[in-house]
Amino acid sequence: MAQTQTTTLSQANCRKVFVQRDFSEGGGVRFGTRFPAELEGKIDRPLFDYTINTLNSLYAEAEKGSCSTYCEGCMACLTAYIIYFCAETHYEKCLKKVSRFVHEQNEQVWTKRGLLLTDPTERGLRVVEISLLTEAGPGKGEQLQST
């Protein structure tokens, strides 16, 4: 029996692809949906689209104003913001949903293909970082060019 062997690099030493924020619709957290050429042949476009679109909808839900979020703000003012020691905000709850979604996607989809999705909150909500665990990153002095 022939066994296939793949080399997995640590996340720090592997090649990375970044999906940038999309500011075309304002300042809300939204990531671009353009499929990176570096992922061609590594993951199907519909899976990539599903992940990015779900992240975008989760962040849209977090930023949506509702009666409960306004009441939350009023209670914060009335209690001199002490309420935040006792209760999570709507935004914090949505960020936890994002973290769970990223974790589930990594387990079910991304790591099986030699890729790792990093939670955007770990990158300051600036990018979605995708690590290519089977490809070495640039060496010292080299820079990865992206177009």
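Shown above is the structure to which this text applies.
Notes on the structure in this doc start here. None of these values were measured; they are calculated from a predicted model.

1. Concerning the overall build of the protein
Okay, so step 1: In terms of helices and strands, the protein carries 4 helices and 3 strands.
Okay, so step 2: Along the protein, from the amino end to the carboxyl end, the secondary structure elements read β-α-α-α-α-β-β.
Okay, so step 3: The burial tally for the protein puts 32% of its 147 residues in the buried class.
Okay, so step 4: Look at the contacts in the protein between residues 6 or more apart in sequence, and 60% of them connect residues 24 or more apart.
Okay, so step 5: Per element, the accessible surface of the protein, about 9600 Å² overall, is 53% carbon and sulfur.

2. Describing the packing of helix α1 (residues 45-63) against helix α4 (residues 90-110)
A packed helix pair is summarised by two numbers, namely the angle formed by the two axes and the spacing between the axes.
Okay, so step 1: Packing of α1 against α4 leaves a shortest axis separation of 8 Å and a crossing angle of 170 degrees. When the interaxial angle is binned, α1 and α4 end up roughly antiparallel. The segment α1 lies against α4, with Leu-47, Phe-48, Tyr-50, Thr-51, Thr-54, Leu-55, Leu-58, Tyr-59, Glu-61, Ala-62 and Glu-63 engaging His-90, Tyr-91, Cys-94, Leu-95, Lys-97, Val-98, Phe-101, Val-102, Gln-105, Val-109 and Trp-110.
Okay, so step 2: Taken together, the residues that form the contact of α1 with α4 break down as 15 nonpolar, 4 polar and 3 charged.

3. Brief notes about the pairing of strand β2 (residues 115-118)
Okay, so step 1: Neither face of β2 is left uncovered, since the one carrying Leu-115 and Leu-117 and the one carrying Leu-116 and Thr-118 both have all their residues buried.
Okay, so step 2: Where β2 lies against strand β3 (residues 127-136), 4 bridges are found, and the strand directions are antiparallel. Across the sheet, the residue bridging to Leu-117 is Ile-130, located in β3.

4. Concerning the sheet that holds strand β1 (residues 14-20)
Okay, so step 1: Here we have 3 strands laid out as an open sheet, ordered β1-β3-β2, and antiparallel in their pairing. Each edge of the open sheet is held by one strand with a lone partner, namely β1 and β2. Within the sheet, the average angular offset between the axes of one strand and its neighbour, ignoring direction, is 25 degrees.
Okay, so step 2: α1 rests against β1, β2 and β3 of the sheet, and its axis sits at about 150 degrees to β3.
Okay, so step 3: Each of β2 and β3 is contacted by α4, which is oriented at about 170 degrees to β2, the strand it contacts most.

5. A word on helix α2 (residues 67-78)
Within an α-helix, residues lying three or four positions from one another point in the same direction, as the helix has 3.6 residues per turn.
Okay, so step 1: With 12 residues, α2 extends 16 Å from end C-alpha to end C-alpha; this agrees with the ideal 16 Å at 1.5 Å per step.
Okay, so step 2: One or two residues past the end of α2 sits Ala-80, with phi positive at roughly 55 degrees.

6. Observations regarding the nonpolar core
Within soluble globular proteins, side chains that are nonpolar generally end up buried alongside one another.
Okay, so step 1: Among the nonpolar cores identified, the biggest contains 23 residues, and Leu-39, Phe-48, Trp-110, Val-128 and Ile-130 are the most heavily contacted of them.
Okay, so step 2: Every element with two or more residues in this core is listed here: β1, α1, α4, β2 and β3.
Okay, so step 3: With sequence-adjacent residues up to four places away left out, Val-128 is seen in contact with Val-17, Phe-18, Val-19, Phe-31, Ile-52, Leu-55, Leu-117 and Pro-120.

7. Describing the pattern of salt bridges
Okay, so step 1: Applying the stated criterion across every chain yields a total of 7 salt bridges.
Okay, so step 2: The residue Glu-25 makes a salt bridge to Arg-30 at a minimum N-O spacing of 3.7 Å.
Okay, so step 3: Judged by its relative accessible area of 62%, Glu-25 falls in the exposed class.
Okay, so step 4: Between Glu-61 and Lys-97 there is a salt bridge; the shortest N-O distance is 2.7 Å. Taken together, the positions of Glu-61 in helix α1 and Lys-97 in helix α4 put the pair 36 residues apart, joining distant regions of the chain.
Okay, so step 5: Accessibility expressed as a relative area gives 33% for Lys-97, which makes it partly exposed.

What counts, and at which threshold
- Residues numbered from 1 in each chain as written.
- Predicted model: local features only at pLDDT ≥ 70, side-chain atom pairs only at ≥ 80, totals over all residues.
- Heavy atoms only, no water.
- Helix = DSSP H or I, 4+ residues; strand = E, 2+ residues; numbered from the N terminus.
- Buried < 20%, exposed > 50% of the residue type's maximum accessible area, 1.4 Å probe, protein only.
- Contact = heavy atoms within 4.5 Å.
- Areas by Shrake-Rupley, 256 points an atom, 1.4 Å probe, with all protein chains shown as cover.
- Axes fitted to C-alpha atoms, helices over the stretch in contact; angles between N-to-C directions.
- Parallel < 35°, antiparallel > 145°, perpendicular 65-115°, else oblique.
- Nonpolar A, V, L, I, M, F, W, Y, C, P; charged D, E, K, R; others polar.
- Pairing = 2+ DSSP bridges.
- Expected span 1.5 Å × (residues − 1).
- Core = buried A, V, L, I, M, F, W, Y, C linked by side-chain atoms within 4.5 Å.
- Salt bridge = Lys/Arg side-chain N within 4 Å of Asp/Glu carboxyl O.

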